[in-house]
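Residues per chain are reported as follows:
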Amino acid sequence: MTSTLTQGGIGTNVVRPDGTLKVRGEFAYSSDLWHENMLWGATLRSPHPHARITSIDIASALALPGVYAVLTHSDVPGENQYGLEHPDQPVLASTVVRYEGEPVALVAADHPETARRAVALIKVGYEVLTPVVDVEDAAHGRAEPLHPNGNVVRHLKIRRGPQDVSADVVVSGVYEVGMQDQAFLGPESGLAVPADDGSIDLFIATQSLHDDRRQVAVALGLPLAQVRLTLSGVGGAFGGREDLSMQIHACMLALRTGRPIKMVYNREESFYGHVHRHPARMYYEHGATLDGRLVYVKARLYLDGGAYASSTGAVVINASTLGVGPYDVPSVTLDTWGVYTNNPPCGAMRGFGAVQAGFAYESQMDKLAAALAMDPVELRTLNAMSQGSLMPTGQVIDAPAPVAELLRLVSVKPLPGKASDSLTDMPGGVSNTTHGEGVVRGVGYGLGIKNVGFSAGFDDYSTARVKVSLVNGEPVAWVHTAAAEVGQGLVTVLQQIVRTELDVSTVTVAPMDTSIGDGGSSSASRQTYVTGGAVQEACRRILARLDGRPLADVLAGQELDELVEWRHRPTFPLDPETGQGMAHVQHAFSAHRAVVDVDVELGLVKVVELVCAQDVGRAINPDGVVGQIQGATAQSLGLAVMEEILVSDGKIRNPSFTDYLIPTMLDMPPMVVDVLENPDPHAPYGLRGAGEPATVSATPAIVAAIRAATGLALPRIPVRPEHLVQEALEEVAQDGLLGGQ
Amino acid sequence: MDFLRPTSLAEALEMKAADPAAVPIAGGTDVMVELNFDHRRPEALLDLTRIEELTGWSSADGRITFGAGLPYTRLIDELGPVLPGLAMASRTVGSPQIRNRGTVGGNLGTASPAGDTHPVLLACDAVVEVASVRGRRMIPAAEFYVGVKRSSLAADELIVAVHIPSATGPQQFSKVGTRNAMVIAVCAFGLALHPAERRVGAAIGSAAPTPRRVSAAEDFLAGELDWDSPRPLTDSVTSRFGELVASAASPIDDVRGTAAYRVHALSVLARRTLTWAWQEYSAS
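Residues numbered from 1 in each chain as written. Chains lettered and ligands numbered in written order. Predicted model: local features only at pLDDT ≥ 70, side-chain atom pairs only at ≥ 80, totals over all residues.

### Digging into the overall build of chain A
Logical step 1: Per the secondary structure count, chain A includes 18 helices and 28 strands.
Logical step 2: Here the C-alpha radius of gyration of chain A, 26 Å, is about what a compact globule of 741 residues would show, namely 27 Å.
Logical step 3: Judged by the C-alpha coordinates and their principal axes, chain A covers about 75 × 70 × 55 Å.
Logical step 4: Here chain A, with 741 residues, has 59% of them falling under the buried criterion.
Logical step 5: The contacts in chain A between residues at least 6 apart in sequence include a share of 82% that link residues at least 24 apart. (Helix = DSSP H or I, 4+ residues; strand = E, 2+ residues; numbered from the N terminus. Rg over C-alpha atoms; globule rule 2.2 N^0.38 Å. Buried ≥ 20, exposed ≤ 12 C-beta atoms within 10 Å, placed from the backbone. Contact = placed C-beta atoms within 7 Å.)

### Some details on the interface of chain A and chain B
Logical step 1: At the interface, 39 residues of chain A touch 36 residues of chain B.
Logical step 2: Breaking the side of chain A that touches chain B down by element, the ones donating at least two residues are strand E24 (604-615), helix H17 (721-724) and helix H18 (726-734) of chain A.
Logical step 3: The leading source of residues in the side of chain A that touches chain B is H18(A), at 4 residues.
Logical step 4: Classifying every residue of the side of chain A that touches chain B gives 16 nonpolar, 13 polar and 10 charged. (Nonpolar A, V, L, I, M, F, W, Y, C, P; charged D, E, K, R; others polar.)

### Observations concerning the domain arrangement of chain B
Residue and element names in this part refer to chain B.
Logical step 1: Assigned domains within chain B: domain 1 (2-46 + 55-165) and domain 2 (171-283).
Logical step 2: When each unit is reduced to the centre of its C-alpha atoms, the spacing between domain 1 and domain 2 is 24 Å.
Logical step 3: Between domain 1 and domain 2, the contact holds 23 residues from the first and 23 residues from the second.
Logical step 4: Elements with a minimum of two residues in the side of domain 1 that touches domain 2: helix H4 (84-91), helix H7 (118-123) and strand E8 (145-147).
Logical step 5: The biggest single contributor to the side of domain 1 that touches domain 2 is H7, with 5 residues. (Domains from an automatic or database assignment.)

### Remarks on the packing of helix H5 (residues 209-220) of chain A against helix H6 (residues 247-257) of chain A
All names here are of chain A.
Logical step 1: At a minimum axis distance of 10 Å, the contact between H5 and H6 shows a crossing angle of 45 degrees. Our classification of the angle between H5 and H6 gives oblique. Classified by chirality, the crossing of H6 by H5 is right-handed. Note on element contacts: H6 touches H5 through Gln 247, Ile 248, Cys 251 and Leu 255, opposite Asp 212, Val 216, Ala 219 and Leu 220. (Axes fitted to C-alpha atoms, helices over the stretch in contact; angles between N-to-C directions. Parallel < 35°, antiparallel > 145°, perpendicular 65-115°, else oblique. Left-handed = near helix turned anticlockwise from the far one by under 90°.)

### Quick word on the nonpolar core
The nonpolar side chains of a soluble globular protein tend to be buried, and buried together.
Logical step 1: Ranked by internal contacts, the top residues of the largest apolar core, which has 323 residues, are Ile702(A), Ile204(B), Val245(B) and Leu266(B).
Logical step 2: Of the domains in this structure, domain 1 (2-46 + 55-165) and domain 2 (171-283) of chain B are the two that each give at least three residues to this core.
Logical step 3: Look past the residues within four positions of Ile204(B) in its chain and what remains in contact with it is Pro119(B), Cys187(B), Ala188(B), Phe189(B), Pro211(B), Arg212(B), Val214(B), Val245(B), Ala248(B), Ala249(B) and Leu266(B). (Core = buried A, V, L, I, M, F, W, Y, C linked by C-beta atoms within 7 Å.)

### Here's the deal with the sheet that holds strand E1 (residues 2-4) of chain B
Strand pairing within a sheet occurs via backbone hydrogen bonds; the two strands may be parallel or antiparallel.
Residue and element names in this part refer to chain B.
Logical step 1: Strand order across the open sheet formed by 3 strands is E1-E3-E2, with parallel pairing between neighbours. Sheet topology places E1 and strand E2 (23-25) at the edges, where each strand pairs with a single neighbour. The mean inter-strand angle of the sheet, taken between neighbouring strand axes irrespective of direction, is 25 degrees. (Pairing = 2+ DSSP bridges.)

### Considerations on the sheet that holds strand E11 (residues 171-176) of chain B
Residues and elements named next belong to chain B.
Logical step 1: Strand order across the open sheet formed by 4 strands is E11-E12-E13-E14, with antiparallel pairing between neighbours. A strand with exactly one partner marks an edge of an open sheet, and here the two such strands are E11 and strand E14 (212-213).
Logical step 2: Packed on one face of the sheet, helix H9 (residues 215-224) meets strand E13 (199-205) and E14 and runs near 155 degrees to E13.

### Some remarks on unusual backbone geometry
All names here are of chain A.
Logical step 1: In this chain, Ile 717 is followed by Pro 718 through a cis amide linkage whose omega measures 0 degrees.
Logical step 2: Within the secondary structure, Pro 718 is located in the loop between strand E28 (716-717) and H17.
Logical step 3: Residue Ala 524 is not a glycine yet carries a positive backbone phi of 55 degrees.
Logical step 4: Structurally, Ala 524 is set in the loop between strand E21 (506-509) and helix H13 (527-544).
Logical step 5: Given 30 C-beta atoms within 10 Å, Ala 524 falls into the buried group.

### A few points about H9(B)
Residues and elements named next belong to chain B.
Logical step 1: Looking at H9, one finds that the buried residues are Ala 217, Glu 218 and Leu 221. Along the axis of H9, the buried residues cluster in a sector spanning 100 degrees; they form a single face.
Logical step 2: Against E13, helix H10 (235-247) and helix H11 (259-283) lie the buried residues of H9. (Arc of directions from axis to C-beta.)

### Digging into H5(A)
The α-helix advances 3.6 residues per turn, and as a result positions three or four apart in sequence lie on the same side.
Residues and elements named next belong to chain A.
Logical step 1: Over its 12 residues, H5 extends 16 Å from the first C-alpha to the last, a length consistent with the 16 Å expected when each residue adds 1.5 Å.
Logical step 2: Taken as a whole, H5 has its buried residues at Leu 209, His 210, Asp 211, Asp 212, Arg 213, Gln 215, Val 216, Ala 217, Ala 219 and Leu 220.
Logical step 3: Where H5 is buried, its residues meet strand E10 (200-204), strand E11 (227-231) and H6.
Logical step 4: In the stretch just after H5, Gly 221 is the one whose phi turns positive, near 70 degrees. (Expected span 1.5 Å × (residues − 1).)

### With respect to the environment of Gly428(A)
Residues and elements named next belong to chain A.
Logical step 1: With respect to the helices and strands, the residue Gly 428 is situated in the loop between helix H11 (403-411) and strand E18 (439-452).
Logical step 2: Classification of Gly 428 as buried rests on a count of 27 C-beta atoms within 10 Å.
Logical step 3: When the C-alpha positions of Gly 428 and Gly 686 are compared, they lie 44 Å apart, and in sequence the two are 258 residues distant.

### Quick notes on the pairing of strand E12 (residues 187-194) of chain B
For a regular strand, side chains alternate in direction, first toward one face of the sheet and then toward the other.
All names here are of chain B.
Logical step 1: The element E12 is largely enclosed, with a buried count of 8 among its 8 residues.
Logical step 2: Judged by which residues are buried, E12 turns out to be covered on both faces: Cys 187, Phe 189, Leu 191 and Leu 193 on one side and Ala 188, Gly 190, Ala 192 and His 194 on the other are all buried.
Logical step 3: When E11 meets E12, the two strands line up antiparallel, connected through 6 bridges. Within E12, the position partnered with Phe 173 by the bridge is Gly 190.
Logical step 4: Linking two consecutive strands that pair antiparallel, namely E12 and E13, is a turn of 4 residues; a positive phi of about 55 degrees is found at Arg 198 within it.

### Overview of the packing of H10(B) against H11(B)
Residues and elements named next belong to chain B.
Logical step 1: Taken N-terminus to C-terminus, the directions of H10 and H11 make an angle of 135 degrees; their axes are 8 Å apart at the nearest point. As far as their axial angle goes, H11 and H10 are oblique. Judged by the sense of rotation from one axis to the other, the crossing of H10 with H11 is right-handed. Side by side, H10 and H11 meet where Thr 238, Ser 239, Phe 241, Gly 242, Glu 243, Val 245 and Ala 246 of the first sit next to Val 263, Leu 266, Ser 267, Val 268, Ala 270, Arg 271, Leu 274 and Thr 275 of the second.
Logical step 2: Taken together, the residues of the contact of H10 with H11 break down into 8 nonpolar, 5 polar and 2 charged.

### Digging into the pairing of strand E6 (residues 127-132) of chain B
All names here are of chain B.
Logical step 1: Here E6 runs beside strand E7 (residues 135-140); their pairing, made up of 6 bridges, is antiparallel. In the sheet register, Val 127 faces E7, and the bridge partner there is Pro 140.
Logical step 2: Linking E6 to E7, which pair antiparallel, is a turn of 2 residues.
Logical step 3: Bridge count between E6 and strand E10 (residues 158-165): 5 bridges; the pairing is antiparallel. Bridge pairing in E10 links Glu 129 to Ala 161.

Now the structure itself:
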């Protein structure tokens, strides 16, 4: 029934309705929400990573003119416990704080400044405790338990193939990934409006309206029906809006004061207000034959989940199941621990466990290539998985997996010429640190694998309602879901699908809210697949009702309205002892080549060019797909060379964009992108989730290129200038040049 | 918070005398960040943007005088050819939007050790003109910076202008940051050749509690450079210069970089900028 008659269907570059507004600064984000009579909420947070609360005195704060409420843990109307996977996190801390920045009390006031002053007047007594900060101590029972069941959130074992294996050539390494932040530009914000009947409306920037609603209702002690959420303008997400931030807090203040409550974090508070990417320490050993065939991978991965579980359990599944990369490996022995510490809580971020593992296994592939004196492209090609390959879980790759082809595409692209004399082309940019002195070029490659959708038995579905009616004699369609548009372009994609299916050009996307069933989270590269699938199915049910008659004729006497709950094929939990099972609904692959210029004397890096090839099955909106690949690549460049939340003894040292650096236009080079469309027979239109794979392959490619330029091992990311000039720094120390301090 | 809006310098000085705690604000690129993050809550802001005489510049007898409120963008566009070092440093400040607002006067007022223009002001022997109802004084840049974010400005004084000789020889500014634009200096270096006086001005930033001249390195070069028949510099000269610059630093470890890295990077910047400046001089 697919039609290409209507313009703006799938496969075309339909312009996003929010695009121009965002570029012009006119888009209304959740932080722009306003309500007559509203009050401002503010949060008191723990200054300690680990402490017992001995007292909370709110009297002075309450006495401040303009303050309408000061709330603590005893004011939580329902359960003072919430969480995405495990309800282990208090809405407001009662007896103990487990991370720096943990919310302890709330204030509502008639002005944000008044609210902030009132927060400063709340006196909390703390008995400071020693923080648990080492991930391996936490994993192996060498630290004080921070939660009733100890510090291990999840330990996942993968045992595939023979376990008593040896190989001709063995390389091993220990790799570390620093804590990356999603760095979405729109800080956490929303507006809670109480209703006369005790129910509440929350206008919110989130990735998942229904996950939020479920947790908010439990904390408020309200039935689900009395908690209504409407999506507000989302300024980026990247996983950082899967968990709750101010949702429950704003609702509590609204219900207490009977007034609408607006809450907006500033940038510093935002760094404390959402989860980050898990830092990782990873021990890898690869064995191969003399001709370069992988024999085994043995690995131990430690992921620091911080104070609360968030999505650590799922991150562990991904890091483990995807932990050897897109390669055929006959023997896998892999253990991953996701643990509690008193470090900042970590959870979802684009790439979700696959990124950390990707840095390690790709570094290992380069190390193995060096040990074998093989070309790194050749080694990867030799071991690349393909359709029919087995994952370390035993799952069969039952859709196209053109890994070798992706790598070939990036490796045959002509290499960029020598950089121009312009400072903007030099490491250091306009800071004028080199005119070519010390600059050495390097080229590196990376491959990545990422699952699409929720895994391991999760009931992953979406709900869509499509309605068609005649307006002024023309058929128009209306589509409603609760799936969050977070800036990824979902609104446009849903319109395109309806146009293609129904051959109707005017498609209105209704506001996304909880008056319809769950759309699932805008996570795991899943919305085009799952909500797109639901919309496609709703359209097809409408078409089925036509019995071959023209749509306009049928609509003359009625409107057609279909509500669909749509599921992708099921996945299954992994065997607890062997980690075997069909965990993932779909796998996506990408390859990167990075070309860098490194100033080897100063340790500064200029990424000259990034080439990417990714298979998306079917590009519903080709420009949108390329945008996703560029964005994912930019975020990975950040992880490779600059982005890290620096944490000492549980405390964040750089909670601002002054010192948490993300790439600028002078850091992110032009990209050459090849988009392949080998359809996945199990997916709507054959499409493959597109938002994440490039986050897995870009980082290792860039680091490999820096290694090629410097000859250094570089086992930790982000690579800092200090890492690149270590020898010179040792000389500084030896020469006593620091004596002047 | 009071918002004082003088329209003339005289009025501004009276306001500052009456309320020495009033915080001057021009571009606001430092002050507003502090206010927004609640790091500072002054009783009064003294808005200098309506005072025309602070935003102009003039040139006489080989010297440039520019107002404390001249934005970086105008400095780069209008004074770039005569103050090349200062223009290079200004070019590294923030983003285009920040450079449209930010001023050298603000850089001086904040007196951060990481302020981008300070090494050049020091290397070029700039003089800071300050004023109060008590009168005006001229403070050489080398005496202006007295501690971390502290200057020799008195509580009732405002920074009025910067006096700086037009370049008579090559100048360079170089700064290390951990990204390629919009970054606060990990360390910075300013260099100015003064051929008429047969000497070199050099200073470091972000590598000590204050921006600092590197006198030993300056003196060393004065003795080594053959101004009349310039020859390519030997590695031993550039290396020694780098060492002397580095040894003048007393940096700290912080989130932006380690002390050891700063020392090392300064020696590299010093060597490279000297080489570029001397090549330019030799070619002229």
